[in-house]
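Summary of the model geometry
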Amino acid sequence: MKVSVIGCGYLGAVHAATMASLGHTVVGLEPDATKVWALAQGLPPFHEPGLQELVQEGLISGRLEFTTEPSAVAGSSVHFICVGTPQAKTAMDADLSQILAAIDALLPYLHPGDVVAGKSTVPVGTSELVSRRLEGSGAFLAWNPEFLRQGSAVSDSLHPERIVYGLPSGGNRSRIQTVLDTVYAPLLDGGTPRIVTDWATAELIKSAANAFLAMKLSYINAVGELCEQVGADVVGLSLALGLDGRIGADYLKAGVGFGGGCLPKDLRSFRVQAKDHGVDSLEELLSLVDGINADARYRAGESALRMCGGSVVGRRIGVLGAAFKADTDDVRDSPALDIALQLAAEGAQVTVSDPRVPEHTWLAYPQLSFVRHAEQALRGAELAMLLTPWPEFVGLDPAETALLMSVPRMYDGRNALDPVAWKTAGWEYYGAGRGMALGSVQAAH
Ligand SMILES: NC(=O)c1ccc[n+]([C@@H]2O[C@H](COP(=O)([O-])OP(=O)(O)OC[C@H]3O[C@@H](n4cnc5c(N)ncnc54)[C@H](O)[C@@H]3O)[C@@H](O)[C@H]2O)c1
Ligand SMILES: O=c1ccn([C@@H]2O[C@H](COP(=O)(O)OP(=O)(O)O[C@H]3O[C@H](CO)[C@@H](O)[C@H](O)[C@H]3O)[C@@H](O)[C@H]2O)c(=O)[nH]1
């Protein structure tokens, strides 16, 4: 089947390559000529494990192409909408301008019977809005939200936990379902569960999923704050909670809070949706979740101040990590960058190390120094802050690393290091949500 993917950023590039690997002929449409050039060379313009190989396989097979030319999408049976839905510049709701522009640009090339499948994360009601724009084209609309995570996007796409179809009511429903079933046949045949529902439910499934993850993270971070107050250890507590199958161990790693291009903005968009529809209790709950997340970042800055004796003015701090999580080069709403900026604003000399964040990103933050390697950030520093748990940081040798520092002090904002090993090597160690605790809970069978 020929399919098009409209918008080839973190989601669209992966989706296009995945569709090609499932055997479809794929045209990826993207207005950014630099991204198209890079993708067409088989060199994705961002870091995503496994993507380069998948894109190169697609290009070599002849089933995958990238273009800036909208007419290339003509003749596709399914058009996947993967454009951005960022937070609006001056409000908390989602900015739908990329969605509407993408649909308008698609209209001249749609044929009756084509399926337009929205994969972007959108507020409830967006499908209704988009379907009115599609009127007269003869195309059908489905909302088919995507759940991949950056850093494991390729494997998440090839082995999804579920596929959701939001379909219109009426006679065309089964026809659209058949088309989507054909597109996803290799995954469905492999046992991936499929949920078929209406547009509004599909839209809400995605918002509710991200808000739930955010809620779990803010819950454990708030509990972590209590742990710090009473000298308890949130890492041991999370381990014990996670062994309860009803709770589950995922999204219980306490630290400096969640970031990225999805959870924060989707949580805020969901807040607006709840408020707009008069569900004040949900809005209040989500607002607390958002507030606790902001606090987690702020408390990291406060801990740094305390560890430096009450002031960071002129003090050298080495920050390990700029990306919002490991295995991505994405700094959208990154807690690490936010905390580094907070400390620079307090007067610290902050050097940030990240193995992947591209150099053009650094130019936007003249108040920070950027280096590639941990050693460069930590040499002569009196506080190290681990804020993104890249393997090269987690694997640092505490004794060797201590020799680089003017004072060996470690704030572990991801609870990724072994406090006993670091303390034994002479470090003053402080973990988010565990303070100076030594990690007093161990699992045994
Ligand atoms: N990043 C993720 O892991 C992820 C996962 C699931 C869902 N989502 C959702 O997917 C959507 C895209 O997210 P992203 O992270 O890929 O964003 P992104 O900014 O990386 O990618 C969006 C791309 O769309 C392009 N674009 C903008 N206007 C366009 C137009 N009119 N026509 C064609 N292309 C256009 C942009 O140039 C950009 O390359 C968002 O709604 C997001 O919430 C993202
Ligand atoms: O135990 C944990 C797990 C995650 N995080 C943080 O939470 C944030 C989000 O992490 P993750 O969910 O892995 O990253 P995303 O790639 O943003 O993926 C989320 O957002 C995507 C876009 O909507 C969805 O598709 C995914 O299902 C959803 O997990 C990051 O800052 C992580 O560091 C923690 O602090 N502790």
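Our structure is the block above this text.
All of the points below concern the structure found in this document. (Residues numbered from 1 in each chain as written. Chains lettered and ligands numbered in written order. Predicted model: local features only at pLDDT ≥ 70, side-chain atom pairs only at ≥ 80, totals over all residues. Heavy atoms only, no water.)

**Considerations on the site of ligand 2**
Short version of the rule: We call a residue near a molecule or strand whenever a single non-hydrogen atom of that residue lies within 4 Å of it. Whenever two N or O atoms come within 3.5 Å, that pair is a polar contact, provided that in protein one can donate a hydrogen and the other can accept it, and provided that, for residues adjacent in sequence, both atoms are side-chain atoms. Here the open area of atoms and residues is found with the Shrake-Rupley method and a 1.4 Å probe, where only the protein chains shown may cover a residue. The secondary structure listing takes helices from DSSP runs of H or I that are at least 4 residues long and strands from runs of E that are at least 2 residues long, numbered from the N terminus. Gly counts as polar in this scheme, as do all residues outside two lists: the nonpolar Ala, Val, Leu, Ile, Met, Phe, Trp, Tyr, Cys and Pro, and the charged Asp, Glu, Lys and Arg.
The environment of ligand 2 is formed by 21 residues, the closest being Leu148, Lys206, Tyr251, Cys262 and Lys325. Phenylalanine 147 is positioned such that a nitrogen or oxygen atom in its backbone is 2.8 Å from an oxygen atom of ligand 2. Between ligand 2 and the protein, one listed contact pairs an oxygen atom with a backbone N or O atom of lysine 253 at 2.9 Å. Compared with its free state, where it exposes 700 Å², ligand 2 has 89% of that area covered by protein. For the shell around ligand 2, the secondary-structure elements that each account for two or more residues are α9 (199–230) and α11 (263–276). Broken down by element, the shell around ligand 2 gets its largest block of residues, 4 residues, from α9. Across the shell around ligand 2, the residue classes tally to 10 nonpolar, 4 polar and 7 charged.

**Side note on the site of ligand 1**
Taken together, the neighbourhood of ligand 1 is formed by 25 residues, with Leu11, Glu30, Lys35, Thr85 and Lys265 sitting nearest. In the model, an oxygen atom of ligand 1 is placed 3.1 Å from a nitrogen or oxygen of the tyrosine 10 main chain. Contacts to ligand 1 include threonine 85, whose side-chain N or O atom sits 2.5 Å from an oxygen atom. In isolation ligand 1 exposes 830 Å². Once the protein is present, 87% of that is buried. At the level of elements, α1 (10–21) and α4 (97–106) are the ones that each hand at least two residues to the shell around ligand 1. The biggest single contributor to the shell around ligand 1 is α4, with 3 residues.

**Comments concerning the packing of α1 against helix α3 (residues 51–61)**
Short version of the rule: Working convention: axes come from line fits to C-alpha atoms, limited for helices to the stretch in contact. Angles between N-to-C directions cover 0 to 180 degrees. Any angle between 65 and 115 degrees counts as roughly perpendicular, while under 35 counts as roughly parallel, over 145 as roughly antiparallel, and the rest as oblique. Crossing handedness is defined as follows: a turn of the near helix away from the far one that is anticlockwise and smaller than a right angle gives a left-handed crossing, while the clockwise case is right-handed. We call two residues in contact when some of their heavy atoms are within 4.5 Å.
For the pair α1 and α3, the least separation of the axes is 9 Å and the interaxial angle reads 50°. Of the possible angle classes, the one that applies to α1 and α3 is oblique. Read as a crossing pair, α1 and α3 show a hand that is left-handed. Contact with α1, carried on its side by Ala13, Val14, Ala17, Thr18, Ala20 and Ser21, involves Leu51, Leu54, Val55 and Gly58 of α3 and no other residues of that element. In terms of residue class, the contact of α1 with α3 is built from 7 nonpolar, 3 polar and no charged.

**Here's the deal with the sheet that holds strand β14 (residues 428–431)**
Let me state the cut-off plainly: Strand pairing is assigned whenever DSSP detects at least two bridges linking the two strands.
Across the sheet, which stays open at both edges, the 6 strands sit in the order β11-β10-β9-β12-β13-β14 with parallel pairing between neighbours. Two strands close off the open sheet at either side, each with one partner strand: β11 (369–371) and β14. Strand-to-strand twist across the sheet, computed as the mean angle between neighbouring axes with direction ignored, equals 20°. Across the face of the sheet, helix α12 (residues 280–307) comes into contact with β12 (383–386), β13 (409–412) and β14 while running at roughly 165° to β13. Helix-sheet contacts for helix α13 (residues 335–345) involve β9 (316–320), β10 (349–353), β11 and β12, and the interaxial angle to β10 is about 160°.

**Points about the packing of aromatic side chains**
This is how it is decided: Two rings from Phe, Tyr or Trp (for Trp, the six-membered ring) form a pair when their centres are within 6.5 Å of each other. A pair whose planes differ by under 30 degrees is stacked, one over 60 is edge-to-face, and the rest are tilted. Exposure classes here rest on a 1.4 Å probe applied to the protein chains alone. A residue is buried below 20% of its type maximum, exposed above 50%, and partly exposed in between.
Enumeration over the complete set of coordinates arrives at 6 aromatic pairs. Where tryptophan 362 meets phenylalanine 370, the ring centres are 5.2 Å apart and the plane angle is 10°; that geometry is what we call stacked. The buried category is assigned to tryptophan 362, whose relative accessible area is 16%. Overall, phenylalanine 370 belongs to the buried group, its relative accessible area being 15%. Through a chain of ring-to-ring contacts, three or more aromatic side chains come together here, namely Phe80, Tyr165 and Tyr184.

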